[in-house]
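Chains, contacts and geometry: an overview
In case you want the letters, here they are:
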Amino acid sequence: MPRSPVETFRVNRIFRAVVVVAALTGLGLLLIAPPLPGHRVAAVSRTSGAVELLPDRPAFSPVVLAVHHRLPREGDAAVIDVPARVPLPGGADLPVRVRLVVGGSGRLPVDAGDVRRDGWERAWSGWLQSRLELTETEALAALEGSAAWREAFPSQPGGPLDLGARLAAELRPLRLLGARLQAEPSAELVRALARDRLQRLPRPRGRLVVLGLDALDWALVDELAARGDMPNLGRLVDRGAQADLHVQPPLLSPLIWTSFATGVPAEAHGVLDLVERDGPGQAPRPISSASRKAAALWEMAAAAGRSTAVIGWWATFPAQAPPHGSVYSDRLTEQLMGLEATVPGLADPSEAAAVAGRLAVRGSAMTPPMLAPILEVTAAELAAVPPDSAAWDEPIGGLARLVAATLTVERLTDHELGRGTDLVMAYVEGTDTVGHLFAGYRSPALPSLDPARVARFARVVDRYHAWIDAWVGRVAASLGPDDTLVILSDHGFTWGGDRPTVPSGAHTPTAVHWHRPKGFFLAVTPGGRGDRTRRLLDVLDVAPALLALAGLPVGTEMPGRVPEWLPVAADTPRPGAVSWATLLPVTPAPRVELPPEARAEELAKLRALGYLGGGDGENGADVAPVTTGASAGADTAEARRLNNIGIARASSGDPRGAEEAFRAALAADPSFAPCHYALALLLRGQGRYDEADGALWRAVEAGLGDPESALARVAGDYRQRGEPARAGAVLAEGCRRFPGSALLWLHAGTLAGERGDVATARAALERATGLEPGDPVAWRNLAQAQLALGDHSAAKHSLEQAARLRPGDVAVRRQLEALGER
């Protein structure tokens, strides 16, 4: 239906009204700048030099005349945040950001022409640059207030620099409510400036010498020093501060020595086993510097401008020396993973490599006079030593190699001391290797050894330590009155009655059973007074202690602390802590491709240690070859790495993390016996006995090393937990599986006697004495069972055997006397 004239008129009037309103709104938007939520508006003139901060309300500002720039709002004020640069002493430019908080409205000091040409930020940067003429003190304060600097030096106070007083007049009539300068240095600039700061720290007058003697044991040192075989170390002990070093499992040298060097746990520094690999399925190779993810002490000292030398330290191949430093790698000496072949990367820089080539001693070059202080050998015996790693399998060949390695470390250490190097860190593995090769011959010798060999090798351990003591004495004599000497070890050695019954050797998988979880620490400092108190020190306290003795900052990433009793000289600087992880990111040395003969030497040693098939495995059993392709298979190297992580987590009180690591290790290699055993120990500690026993027997079936001793320890653990029935079950099954084990029959008989089953006790102990007639404990315990059964004649015979084997046993003598009176 057509509209009436009246309706048409109304519609047209409404339309015209809408058009007028829209036109007026558009014109208003063109002429008026309204306030914006969350922002203030600055008008930049299109024709003049004016830049206006508009009022916080609708303001006349035609868009044809000005460009509107939105600024962040803080309350009613505008925030202007722009970059700039500040010159630092020395010429470097410090990137900064300046944050102005401006209230009110009116003319801003920046020129609109600069904004139109360069943009908002660059125009303001140019305006500020001419007004940021900071003093050196202010520039350094700005740097030290930055987040990046405080990450590196967290103990330094600091924050943004206040520029309010300097810039307030420049912004009038506007109100300057805040003006802060925040430095934003790059990581590279922070590291460069931090090195300069560290190099300007006051230095102690003397230098620091650290001698690492693997497995040096307080019990042996005390014995030999008292006997006069280690007089130099004895005198140093009288002068120094001493401690037992608490070492948590796993007792593996690469892990512990790298913790000494970095101050962080193995899981943080990355050295987790004797081997490493490039990736899944890749063949393993001996551990190298490529695995280390944390800065080492010699790198920290070098960053502070000190000259450094590290000699033979674990995981230093390929050698990569810091400025003013020398690294003589662990492959240079013929220790566990040393190389007879000459390859690149044995020492760095080239001058150090030349020195190493001149001073290194090879096992094949050893002569009878060189070994004479330790053992008389003939030229024919040395000539019969195999030229490869098989040399370690015989005492004379192993002795020649370990003495050659020790001589190399001694010569290089003497060279660096002669140069006046500020920090010298030298590592000798021979104090451990000599035990693995000859501890069984030392009195009282293991009964299973050949008496002729015992007579010849009985004094090797003591003579080697006396030889080491002579070198320690020469080092101490070469030091000045302001120098500090530290001697430490990563663990002890079981020299006495706690020795295991399993054989040891330089490359045997059972070597770890001979280690005692207590290391050696001795610090002889300028003016230090002898303190006979033997304190306790944690492994992770060693690096902080060494840094404190060197007058260097302790790392914030280091869990350890500087012990209060450490005799740091009064004039030694004590700088605040720094983040070495921030200042010294680790760049792995380029990988060195070994020639075929050197790689063959590596593989032979890895095979002997059980990392590759074709030789004794971790526990005396063959291990499947590591696959090098993409096919699935047992990955023993990965299992070992994860197992070590699990042990470390368990030792630090993280059972859940430990179990995760153990199960991941068993997923990598289900036949890896040590991990089954470690998991059993963890589960037993949580009271999960059925699961623990299952893991225990899987460990035994997988070829656990020295299973008889392991089962005896498990039974003892159950007895201490008040679970004698479980202890008996373990021993009964152990005797069934290992019927020729005198040790298990002894423990089974003793436990049966304790539980009142005297007949079973007698039968088991008779088996024990029949298998091992030379065990006085078995005879004594058998006598108690016989007495309980009323068989006095048999008991008298057993007591006579015990007395013959152990004449000093007063209790046995008294029982014999009592029987004689019957």
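Residues numbered from 1 in each chain as written. Predicted model: local features only at pLDDT ≥ 70, side-chain atom pairs only at ≥ 80, totals over all residues. Heavy atoms only, no water.

1. What to know about the overall build of the protein
From N to C terminus, the protein includes 33 helices and 23 strands. Contacts in the protein between residues at least 24 apart in sequence constitute 67% of all its contacts with a sequence separation of at least 6. (Helix = DSSP H or I, 4+ residues; strand = E, 2+ residues; numbered from the N terminus. Contact = heavy atoms within 4.5 Å.)

2. Here we look at the sheet that holds strand 16 (residues 325-328)
An order of 17-16-15-18-11-19-22-12-23 is seen for the nine strands of this open sheet, with the pairing classed as mixed. The sheet is open, and its two borders are formed by strand 17 (347-348) and strand 23 (531-538), each paired with just one other strand. Pairing of strand 16 with strand 17, which is carried by two bridges, proceeds in the antiparallel orientation. For V327, the partnering residue across the bridge sits in strand 17 and is D348. Against the sheet, helix 9 (residues 231-239) makes contact with strand 12 (241-246), strand 19 (484-488), strand 22 (518-524) and strand 23, and its axis sits at roughly 70° relative to strand 22, the strand it touches most. The strands touched by helix 19 (residues 460-478) are strand 11 (208-213), strand 18 (423-428) and strand 19; relative to strand 11, the strand with the most contacts, the crossing angle is about 175°. (Pairing = 2+ DSSP bridges. Axes fitted to C-alpha atoms, helices over the stretch in contact; angles between N-to-C directions.)

3. A short note on empty space enclosed by the protein
All told, the structure shown has six cavities of 30 Å³ or more when counted by the stated rule. Volume-wise, the largest cavity comes out at about 100 Å³. In this structure, the largest cavity is lined by 13 residues; those nearest its centre are S289, R292, E299, P318 and Q320. Of the residues contributing to the lining of the largest cavity, the split by class is seven nonpolar, four polar and two charged. (1 Å grid on protein atoms, 1.4 Å probe; cavity = no way out; pocket = protein on both sides within 12 Å on 5 of 7 lines; lining within 4 Å. Points joined across faces, edges and corners; volume = space filled by probe spheres on them. Nonpolar A, V, L, I, M, F, W, Y, C, P; charged D, E, K, R; others polar.)

4. Section: the sheet that holds strand 5 (residues 66-74)
Taking strand neighbours across the sheet as the criterion, the eight strands line up as 8-3-2-5-6-7-10-9 in an open arrangement whose pairing is antiparallel. Of all the strands in the sheet, the pair left with one neighbour each is strand 8 (106-107) and strand 9 (161-162). As paired elements, strand 9 and strand 10 (residues 175-183) share two bridges and run antiparallel to each other. Considered in strand 10, the bridge of D162 is made with R180.

5. Here we look at the packing of helix 23 (residues 636-651) against helix 25 (residues 673-685)
Two numbers describe how helix 23 lies on helix 25: the axes approach to 10 Å, and their chain directions differ by 20°. Classified by the angle between their axes, helix 23 and helix 25 sit roughly parallel to one another. Crossing of helix 23 against helix 25: the hand is left-handed. Across from N643, I647 and A650 in helix 23, the residues of helix 25 making contact are P674, C675, A678 and L682. (Parallel < 35°, antiparallel > 145°, perpendicular 65-115°, else oblique. Left-handed = near helix turned anticlockwise from the far one by under 90°.)

6. Describing the packing of aromatic side chains
What the rule picks out here adds up to 17 aromatic pairs. Plain terms: the ring middles of W298 and W313 are 6.4 Å apart, the flat faces sit at 65° to each other, and that makes the pair edge-to-face. With W298 in helix 12 (residues 297-303) and W313 in the loop between strand 15 (308-311) and strand 16, this residue pair connects regions lying 15 residues apart in the sequence. The two residues W298 and W313 agree in class, both being buried. Among the aromatic residues, ring-to-ring pairing joins W257, F260, W298, W313 and Y427 into one connected group. Directly above the ring of W218 sits R534, whose terminal nitrogen or CZ lies 3.6 Å from the centroid. In this structure, R684 is placed above the aromatic ring of Y718, and the distance from its NZ or CZ to the ring centre is 5.7 Å. (Phe/Tyr/Trp six-rings, centres within 6.5 Å; stacked < 30°, edge-to-face > 60°. Buried < 20%, exposed > 50% of the residue type's maximum accessible area, 1.4 Å probe, protein only. Lys NZ or Arg CZ within 6 Å of the ring centre and 35° of its normal.)

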